[in-house]
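If you want the building blocks of each chain, they are given just below.
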Amino acid sequence: MTFVPGASYFGGSLAEVDPEVAAALDGETARQAGGIELIASENLVSRATLDALASPMVNKTVEGYPGARYYGGAEFADRIERLAIERAMELFGAAYANVQPHSGSQANLAVFFAFLRPGATVLSMDLSAGGHLSHGANPNISGKWMHIERYGVDAQGFLDYDQVRDVAVATRPELIIAGGSSYPRAIDFAAFRDVADEVGATLLVDMAHWAGLVAAGVHESPVPIADVVTTTTYKNLRGVRGGLVLSHRADLARKLNSAVFPGVQGSVILNAVAAKAVCLGEALQPEFKAYGRAVLDNARSLAAALTQRGVAVLTGGTDTPIVVADLRPCNLTGAAASDALEAAGLTANKNSVPDDPHPPQTTSGLRFGTSAGTARGLDAAAFAHIGHWIADILQALTAGDTATVTERVRHDVDELVAHHPIY
């Protein structure tokens with residue numbers, strides 16, 4: 001039987017071909033436009049990035065690396081991937097870059113694969129102190145395949161560097177990881193380098209939550225210090241979802257490349273690589289430096305407003321786009337607080353805090369980020385207002401009556417976002 005595609009097969013609109021999916025996408029577009037995104041791992045991509053993602057490059061499949069593919073027809077795929085590699089190296093001052101990882105977790109897994117065997121000892125930040133699942137958390141493959149030792153934070157929530165050294169000396173890890181998903185302060189990379197050298201460990205820095213600040217020059221770069229650096233390309237780098245592996249050591253190129261492919265993944269998602277090239281090119285522009293500075297200024301403005309209103313902020317402030325609120329003094333859970341904020345048009349996420357008595361499904365904290373709001377054009381004054389709105393909602397939730405406050409804050413959010421359309 002011969003297949004003859006009808007006009008709708010290639011030419012029909014999404015609304016015509018699949019109205020259910022189209023309706024859900026329209027709803028998500030309206031949700032993003034109508035609220036303020038405070039989830040630290042989210043951002044708003046450019047129209048150019050959207051164009052790259054929706055390009056016919058999605059039809060092409062390749063394996064391998066530019067100039068050494070296993071499939072034919074790779075001329076333009078090679079051109080795009082080389083552009084992305086060159087831009088990543090220029091942006092971060094790296095001697096090596098791999099742009100193929102499908103995510104930051106996949107990038108981290110590739111580093112594990114490159115340097116470790118199952119059962120090897122890894123030292124990383126405890127999840128409750130701000131670490132990440134892919135750094136050896138028990139439910140993750142990294143935690144199941146490796147022996148994980150952990151370091152944490154002191155009573156004020158700051159990294160305990162003495163503990164890092166003490167645990168490293170006692171356990172002799174093969175890999176030490178700096179970085180996490182909810183630690184708000186700048187990390188002393190040199191201190192980690194000293195410990196890694198003392199015990200003969202490879203040093204990995206995961207800078208996913210502040211890579212955009214590094215690119216903008218408002219946060220110290222770990223690239224000259226660590227053996228390997230991983231990051232995502234979204235969050236405050238403001239691009240498509242995906243990962244990067246970077247290093248100042250060109251001698252690691254073959255080991256790391258083979259760990260990504262064929263080590264932990266197969267063919268490249270080429271339309272995502274094209275979109276990575278776009279966002280890396282955007283980050284090389286002078287305007288991105290202003291964006292990075294604004295992200296940090298806005299995070300500090302948000303933290304200051306929350307503190308002024310009596311909301312406990314971990315470490316008393318931030319050096320990154322992340323602000324973490326400890327709700328234990330309010331006798332609130334992160335789950336209840338995030339639901340209440342979402343009803344008012346403020347989307348955040350529940351988050352564990354050090355020594356959290358609640359499980360991850362409930363938590364005693366909230367994590368906020370300023371990357372998406374900054375991309376939308378919100379300034380420090382706007383984030384101060386947002387901090388007060390958050391405090392209003394939390395106080396109303398503590399009192400047990402949120403309806404009136406939710407309505408008022410929702411109205412204020414509507415007015416603010418009306419002046420800052422996304423697309």
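So, here is what we can say about the structure in this document. On a predicted model such as this, the values are computed, not experimentally measured, just so you know. (Residues numbered from 1 in each chain as written. Predicted model: local features only at pLDDT ≥ 70, side-chain atom pairs only at ≥ 80, totals over all residues. Heavy atoms only, no water.)

### Concerning the overall build of the protein
Argument step 1. Along the protein, the regular secondary structure elements total 17 helices and 15 strands.
Argument step 2. Computed over its C-alpha atoms, the radius of gyration of the protein comes to 22 Å, within 12% of the 22 Å expected for a compact globule of 423 residues.
Argument step 3. Over its C-alpha atoms, taken along the principal directions, the protein stretches across nearly 65 × 65 × 45 Å.
Argument step 4. Looking at the protein as a whole, 54% of its 423 residues qualify as buried.
Argument step 5. A separation of at least 24 residues holds for 73% of the contacts in the protein among residues at least 6 apart in sequence.
Argument step 6. When the accessible area of the protein is evaluated, it comes to approximately 18100 Å², of which 53% is carbon and sulfur surface.
Argument step 7. Averaging the coordinates of the 31 positive side-chain charges in the protein and doing the same for the 45 negative ones gives two points 5 Å apart. (Helix = DSSP H or I, 4+ residues; strand = E, 2+ residues; numbered from the N terminus. Rg over C-alpha atoms; globule rule 2.2 N^0.38 Å. Buried < 20%, exposed > 50% of the residue type's maximum accessible area, 1.4 Å probe, protein only. Contact = heavy atoms within 4.5 Å. Areas by Shrake-Rupley, 256 points an atom, 1.4 Å probe, with all protein chains shown as cover. Lys, Arg positive; Asp, Glu negative; His and termini not counted. Charge placed at Lys NZ, Arg CZ, Asp CG, Glu CD.)

### A few points about the packing of helix α6 (residues 104-115) against helix α11 (residues 253-264)
Packed helices, taken two at a time, are described by their axes: the angle between them and the distance between them.
Argument step 1. Two elements in contact, α6 and α11, have axes whose closest approach is 8 Å; the angle formed by their N-to-C orientations is 115°. Regarding the angle of α6 to α11, the classification is roughly perpendicular. α11 is crossed by α6, and the crossing has right-handed handedness. Residues Q106, L109, A110, F113, A114 and F115 of α6 form the contact with α11, whose participating residues are K255, L256, A259, V260, G263 and V264.
Argument step 2. Split by residue class, the contact of α6 with α11 holds 9 nonpolar, 2 polar and 1 charged. (Axes fitted to C-alpha atoms, helices over the stretch in contact; angles between N-to-C directions. Parallel < 35°, antiparallel > 145°, perpendicular 65-115°, else oblique. Left-handed = near helix turned anticlockwise from the far one by under 90°. Nonpolar A, V, L, I, M, F, W, Y, C, P; charged D, E, K, R; others polar.)

### A look at the packing of aromatic side chains
Argument step 1. Per the stated rule, a full pass over the model turns up 6 aromatic pairs.
Argument step 2. Aromatic pair Y65 and F261: ring centres 6.5 Å apart, planes at 70°, arrangement edge-to-face. In this pair, Y65 is assigned in strand β2 (residues 64-65) and F261 in helix α11, connecting sequence segments 196 residues apart. Here Y65 and F261 have matching classes, each one buried.
Argument step 3. Consider the rings of Y151 and F192, whose centres lie 5.6 Å apart with planes at 55°: the pair is tilted. Of the two residues, Y151 is situated in strand β6 (residues 147-151) and F192 in helix α9 (residues 189-199); the sequence distance between them amounts to 41 residues. Note on accessibility: Y151 and F192 belong to one class, buried.
Argument step 4. An aromatic cluster of three or more residues is present, and its members are Y65, Y70 and F261. (Phe/Tyr/Trp six-rings, centres within 6.5 Å; stacked < 30°, edge-to-face > 60°.)

### Notes on the nonpolar core
Argument step 1. Among the nonpolar cores identified, the biggest contains 58 residues, and F92, I176, F192 and L246 are the most heavily contacted of them.
Argument step 2. Excluding its chain neighbours within four sequence positions, the residues that come into contact with F92 are M207, A211, V214, A215, S221, V223, L237, L244 and L246.
Argument step 3. One finds I36, F368, W389 and I390 within the second-largest nonpolar core, a separate group that totals 36 residues. (Core = buried A, V, L, I, M, F, W, Y, C linked by side-chain atoms within 4.5 Å.)

### Examining the pairing of strand β10 (residues 243-247)
Argument step 1. Across the 5 residues of β10, 5 count as buried, placing the element largely inside the fold.
Argument step 2. Neither face of β10 is open: one carries G243, V245 and S247, the other L244 and L246, and all of them are buried.
Argument step 3. In this structure, strand β4 (residues 96-98) lies alongside β10, joined through 3 bridges in antiparallel fashion. Each bridged residue has a counterpart across the sheet, and for A97 the counterpart in β10 is L246.
Argument step 4. Bridging between strand β9 (residues 228-232) and β10 involves 4 bridges; their strand directions are antiparallel. Bridge pairing links V229 to L246 in β10. (Pairing = 2+ DSSP bridges.)

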